[in-house]
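Given next are the chains, with one letter for each unit.
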Amino acid sequence: MRGLRGDGGSHGPARELGHHFPSKRELARTLLDRHADHLVALLLRAHDRAASVDDPVERVDAFLGELERAAARPGSLAASALAEHELLGAAAVAPVQRAADASRAVVLGLLRAAAAARPAAQLDAEAWADHVFVTLEGAQLLARATGGTEHLREQLGVLRTAVAAVLASGPSAPGGVAEELSARRASGRAAP
């Protein structure tokens, strides 16, 4: 196996990993599988811990709070894998898609229940379910880029606050978050 730097040499961990994986592509696929498994386990653990909360809106907050507390280190390479799709091949996207689908299913169930409990909030459960995954991945990418894990908790805290604000708002609150996002979506403008 060529070195991880691509120069043909074997450096540090690459020397050790080269004995277990026939190529960098296989190593990347194995890592992506492990990271996808980690993300799915994190989501299911947070869901299980929040399941005892009776109120659906409070359950969403408890779930996001569990994610926020659990986010101690970067654990996903999904965004990086998608960026390197051409190098890794279509098979590399499968674990990322699996993690995204699991995230969407877990979060969508919670958000649909919260939306039913607070119909005035006009929560777009599908969009917010995707946003949870995007926030998890983006915060992890930022943590890797900066070398600091504080971004994970900070961004999950911001997400938690935003979801709470949307669930607390509604058409009776002129200029509320839900109204603003709906207006922007209808006009084709980007959200703030």
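What you are looking at is a predicted structure, and each value in this text was computed from that prediction instead of being measured.

Trainee: When you look at helix H7 (residues 125–146) in this model, what are you seeing that I'm missing?
Mentor: Residue pairs spaced three or four apart in an α-helix point in one direction, given the helix's 3.6 residues per turn. Helix length check: H7 (22 residues) gives 31 Å between terminal C-alpha atoms against 32 Å at 1.5 Å per residue, within 8%. Ala-125, Trp-128, Ala-129, Val-132, Phe-133, Thr-135, Leu-136, Glu-137, Ala-139, Gln-140 and Ala-143 are the residues of H7 that are buried. Phi turns positive one or two residues past the end of H7, at Gly-147, with a value near 75 degrees.

Trainee: When you look at the side chain of Arg-59 in this model, what are you seeing that I'm missing?
Mentor: Along the chain, Arg-59 turns up in helix H3 (residues 56–70). Of the buried charged residues, Arg-59 lacks a salt bridge, with Asp-54 as the closest side chain of opposite charge at 5.7 Å. Once residues within four sequence positions are removed from consideration, Arg-59 is found in contact with Ala-50, Ala-51, Val-53, Asp-54, Leu-110 and Ala-113.

Trainee: Would you mind showing me how to read the confidence of the model for the chain here?
Mentor: Close inspection of predicted coordinates is inappropriate in any region flagged by low pLDDT. Per-residue confidence for the chain gives a mean pLDDT of 74; residues scoring 70 or more make up 67%. Long-range and interchain partners of residues 1–12, a stretch whose pLDDT sits below 50, account for 20 contacts in this model, where long-range means more than four residues apart. In this model, residues 171–178 is a region of pLDDT below 50 whose contacts with residues beyond four sequence positions or in other chains number twelve contacts.

Trainee: Would you mind going over unusual backbone geometry with me for this structure?
Mentor: What is expected of a backbone is that most residues other than glycine have negative phi and most peptide bonds are trans. The backbone phi angle of Gln-122 is positive, close to 50 degrees, even though this residue is not glycine. Mapped onto the elements, Gln-122 comes out in the loop between helix H6 (93–117) and H7.

Analysis parameters
- Residues numbered from 1 in each chain as written.
- Predicted model: local features only at pLDDT ≥ 70, side-chain atom pairs only at ≥ 80, totals over all residues.
- Heavy atoms only, no water.
- Helix = DSSP H or I, 4+ residues; strand = E, 2+ residues; numbered from the N terminus.
- Expected span 1.5 Å × (residues − 1).
- Buried < 20%, exposed > 50% of the residue type's maximum accessible area, 1.4 Å probe, protein only.
- Lys, Arg positive; Asp, Glu negative; His and termini not counted.
- Salt bridge = Lys/Arg side-chain N within 4 Å of Asp/Glu carboxyl O.
- Contact = heavy atoms within 4.5 Å.
- pLDDT = per-residue confidence, 0-100.

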